[in-house]
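Each chain, letter by letter, is given below.
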Amino acid sequence: MIVNLRDICAIAEQNNMAVASINVPSLEALRATLDAAEETGYPVILSHAEGHEPFAPLDALGPSIVALSERSSAMVCVHLDHCEHLSYMRRALEMGFTGAMFDGSLLPYEENVENSQRAADMVSGFDCGLECELGSMGTRENGIGHENDHVSEVAYTNPDQAEDFISKTGLDILACSFGTSHGIYKGEPHLSFDVLTQIRDRVKVPLVMHGGSGISDDDYRRSIDAGIRKINYYTYGVKYAGDAVRRVIADYEAKSPGQAIVYWHDMTQAAYETLFQDFRHVIEIFANGAAPLV
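Residues numbered from 1 in each chain as written. Predicted model: local features only at pLDDT ≥ 70, side-chain atom pairs only at ≥ 80, totals over all residues. Heavy atoms only, no water.

J.: Explain the packing of aromatic side chains here, please?
T.: Each aromatic ring pair is summarised here by two numbers: the centre-to-centre distance and the angle between the ring planes. Scanning the model with the defined rule gives 5 aromatic pairs in all. Between tyrosine 233 and phenylalanine 279, the ring centres sit 6.3 Å apart and the planes meet at 90°, which makes this aromatic pair edge-to-face. With a gap of 46 residues between them, tyrosine 233 in strand E8 (residues 228-233) and phenylalanine 279 in helix H10 (residues 264-286) connect regions that are remote in the sequence. Looking at tyrosine 233, the relative accessible area reads 4%, which means it is buried. What makes phenylalanine 279 buried here is its relative accessible area of 0%. Geometrically, the ring pair formed by tyrosine 272 and phenylalanine 276 is stacked, given 6.2 Å between the ring centres and 20° between the ring planes. Of this pair, tyrosine 272 and phenylalanine 276 both sit in helix H10, separated by 4 residues, roughly a single helical turn. (Phe/Tyr/Trp six-rings, centres within 6.5 Å; stacked < 30°, edge-to-face > 60°. Helix = DSSP H or I, 4+ residues; strand = E, 2+ residues; numbered from the N terminus. Buried < 20%, exposed > 50% of the residue type's maximum accessible area, 1.4 Å probe, protein only.)

Laid out in structure tokens, this is it:
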């Protein structure tokens, strides 16, 4: 069943948990996420990032995400992630997306406010909640290239500015920067729970962790207890799936050196199985001890 972003985060608030927001730019990722949510009984957010457009076009994949979510027994929000162009957001809303993120985090503050206000006006005509971002994760989520591309300085969210940002934009949930980063971590993540706690004390809205892959289970739990209600997860899951595909190819090559035939469906099945196991694990960790909800 499909629910909107506001409702799924309200459910998370009541249960002191976070909902996994998983990017699904392939059928394998889409199936694995829904199957993991149905098996565990927890809600989930299926995300399509604008940056994935070159290899996962919205017009091709979006209707499938909506249709399979409607049929699912799990509570599912269909969410547009890291949208920088309001024309793209409008297309997703017309398809039936029930969550949308406008990302103006690299813009000057006032311009971020103005465009976030425009996004709020746009989603108001739909059964859709709005997420906006304040602060920077240091890298862009564009789905292309490797993790050392598109790097900028991490900018922590200013707690006082966050309060002003929310009052001016009317957003439903806030993506904030407190030490996480998109992509693969080069070292140990160092999260500022002090920044996170100060933001939560001022704004009283559900908070979002971007760059959620690669964080320890203990830090996930600390973040949730401090007010994180949505955690974006993608990079490490698809890395593990890529590793599984490598093993499939290596096994075939070992059996028939120089003559191995590797079928595409062998690779997609290996990817699906790995994604399912990984997504099920993070969904359960993000539940933070809450009982299954469906």
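Text resumes after the structure shown.
J.: Quick question: what am I supposed to make of helix H8 (residues 217-225) here?
T.: Owing to its 3.6 residues per turn, the α-helix aligns residues three or four sequence positions apart on the same side. Among the residues of H8, Asp219, Tyr220, Ser223 and Ile224 are the ones counted as buried. The buried residues of H8 occupy an angular sector of 140° when the element is viewed end-on, so they sit on one face. Facing away from the buried side of H8 by over 90 degrees, the exposed positions are Asp218 and Asp225. Tucked into the core, H8 has its buried residues touching helix H7 (193-203), strand E7 (207-209), E8 and H10. Positive phi appears at glycine 227, one or two residues downstream of H8, with a value of about 120°. (Arc of directions from axis to C-beta. Contact = heavy atoms within 4.5 Å.)

Remember that the coordinates give geometry; whether it matters functionally is a separate question.
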